[in-house]
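Residue-level structure breakdown
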Amino acid sequence: MLLIREPDEYRAHCAALRETGTLGFVPTMGALHEGHLALMRSAKQLTDRVAVSIFVNPTQFGPSEDFSRYPRDLGRDLRLCESAGVGLVFAPEASAMYPTNERTRVSVKSLTEGLCGTERPGHFDGVCTIVCKLFGLTGPCTAIFGRKDYQQLKVIEKMVGDLFLPVSVIGHRIVREPDGLAMSSRNRTLSADEHQQALAIGRSLAAAERAFAAGERAPSRLEAACRAMLRQAGLRESYVSCVHPNELTPWPGSIDGPHALLAIAAFAGATRLIDNCLLGENES
Ligand code: PAF
């Protein structure tokens, strides 16, 4: 497995890999876990070679967010990438991706306004900017993103379509711990008690799926039931939102399509966690 730090060198290696087959790409911020490894394995199944980027992107963190305490362990991440059969890892310095004379930000409108976008202004501009830079360097590829960050996935799909980027974007199912907690690099910052509290997120989504399957179509009642479970567990809710699965906008009345996205962001202690489910997905 090759570790590359310099953008131009990474671009050249990706181009060389593509000469002998298709290229899969998994962008990450490191602190890898089983969820990332599932994305890498999926990339391996879909493509001939797999590149992974490891870069904690400063522009997607707000001033009061956890950029400085975001977990970093490149040695461990590299061992995990190797174990997943990754051929190429790109782990640039921030100064290489954001040289002092760069002036460009990429912004996707509307889809970024609700859910995480409401309370994390500028977050998706940072995500789109770095993903666009990474796609520019990686070149034509199949890129895999986890559906835990459902809004991110939709925003990136839109960016790729709008900018005619030569990338096929694939969303991967949410990977969960055996106890149901959605895997996240932030889970390692939870105390044992906070971890137990956080299980209410997955439980409330599962309860909403059952209610939807039983015919509940009122977004407000689905959201209220989730909120009650989160509060009972001692979690501090950021949002609980039942929205259109593609537009990410609230339903004007009751849910009138086969699917709805139910998305949650909540704090367990100081750790912000997100999770979601696509209501109706497991039916029929
Ligand atoms: O999902 C993430 O880990 C990040 O937002 C991404 C896509 C790697 C961009 O920094």
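What this report covers is the structure whose coordinates are included nearby. Every residue gets a number counted from 1 within its own chain, in the order that chain's sequence is written. Where local features are concerned, this predicted model is filtered to residues with pLDDT of at least 70; where side-chain atom pairs are given and counted, the filter is 80 or more; whole-chain, interface and lining totals use all residues. Side-chain metrics in this entry use all non-hydrogen atoms of the structure; hydrogen atoms and water are not considered.

So, on to the pairing of strand E5 (residues 141–146). Burial analysis of E5 places five of its six residues in the buried class, which makes it a mostly covered element. Pairing between two strands requires that DSSP report at least two bridges joining them. Counting from the N terminus, the helices are the DSSP runs of H or I reaching at least four residues and the strands are the DSSP runs of E reaching at least two. Sheet topology note: the E5/strand E6 (residues 167–172) ladder contains six bridges and is parallel. Its bridge partner being in E6, Cys-141 is matched across the sheet by Val-167. Where the polypeptide runs from E5 across helix H7 (residues 150–162) and back to E6, its parallel neighbour, the crossover connection is right-handed. Whether a residue is buried, partly exposed or exposed follows from its accessible area with a 1.4 Å probe, protein chains only, as a fraction of its type maximum: under 20%, in between, or over 50%, in that order. Convention used here: a crossover is right-handed provided that the path from the first strand, over the helix, to the second strand proceeds clockwise when the strands point away from the viewer.

Lines are fitted to the C-alpha atoms to define the axes, a helix being fitted only along its stretch in contact, and any angle between axes, read from their N-to-C directions, falls within 0 to 180 degrees. Between helix H8 (residues 192–213) and helix H9 (residues 219–232), the shortest axis-to-axis distance is 9 Å and the interhelical angle comes to 150°. By the angle between their directions, the pair H8 and H9 is classed as roughly antiparallel. Our pair here, H8 against H9, has a crossing hand that is right-handed. Contacts from Ala-200, Ile-201, Arg-203, Ser-204, Ala-207, Ala-208, Ala-211 and Phe-212 in H8 reach Leu-222, Cys-226, Met-229 and Leu-230 in H9. Asp, Glu, Lys and Arg are counted as charged, while Ala, Val, Leu, Ile, Met, Phe, Trp, Tyr, Cys and Pro are counted as nonpolar; the rest, among them Gly, fall into the polar class. Grouping the amino acids of the contact of H8 with H9 by side-chain chemistry returns ten nonpolar, one polar and one charged. An angle below 35 degrees is read as roughly parallel, one above 145 as roughly antiparallel, one from 65 to 115 as roughly perpendicular, and any other as oblique. In a left-handed crossing the near helix is turned counterclockwise from the far helix by less than a right angle, and in a right-handed crossing that turn is clockwise. Whether two residues touch is decided by their heavy atoms; if any such pair falls within 4.5 Å, the residues are in contact.

Attention shifts here to the packing of aromatic side chains. Note on ring pairs: Phe, Tyr and Trp rings are taken, using the six-membered ring of Trp, and paired if centres are within 6.5 Å. Classes follow the plane angle, with under 30 degrees stacked, over 60 edge-to-face and the rest tilted. Taken as a whole and judged by the stated rule, the model has six aromatic pairs. Ring geometry for Phe-25 against Phe-135: centres 6.2 Å apart, planes inclined by 70°, an arrangement best described as edge-to-face. In this pair, Phe-25 is assigned in strand E2 (residues 23–28) and Phe-135 in helix H6 (residues 123–138), connecting sequence segments 110 residues apart. Overall, Phe-135 belongs to the buried group, its relative accessible area being 3%. One aromatic cluster is present, built from ring pairs that chain together Phe-25, Phe-135 and Phe-145. Only lysine NZ and arginine CZ atoms are considered, and such an atom sits over a ring when it is within 6 Å of the ring centre and within 35 degrees of the ring normal. When the ring centre of Phe-212 is taken as reference, the NZ or CZ atom of Arg-217 above it lies at 3.7 Å. Over the aromatic face of Phe-267 sits the side chain of Arg-236, whose NZ or CZ is 4.3 Å from the ring centroid.

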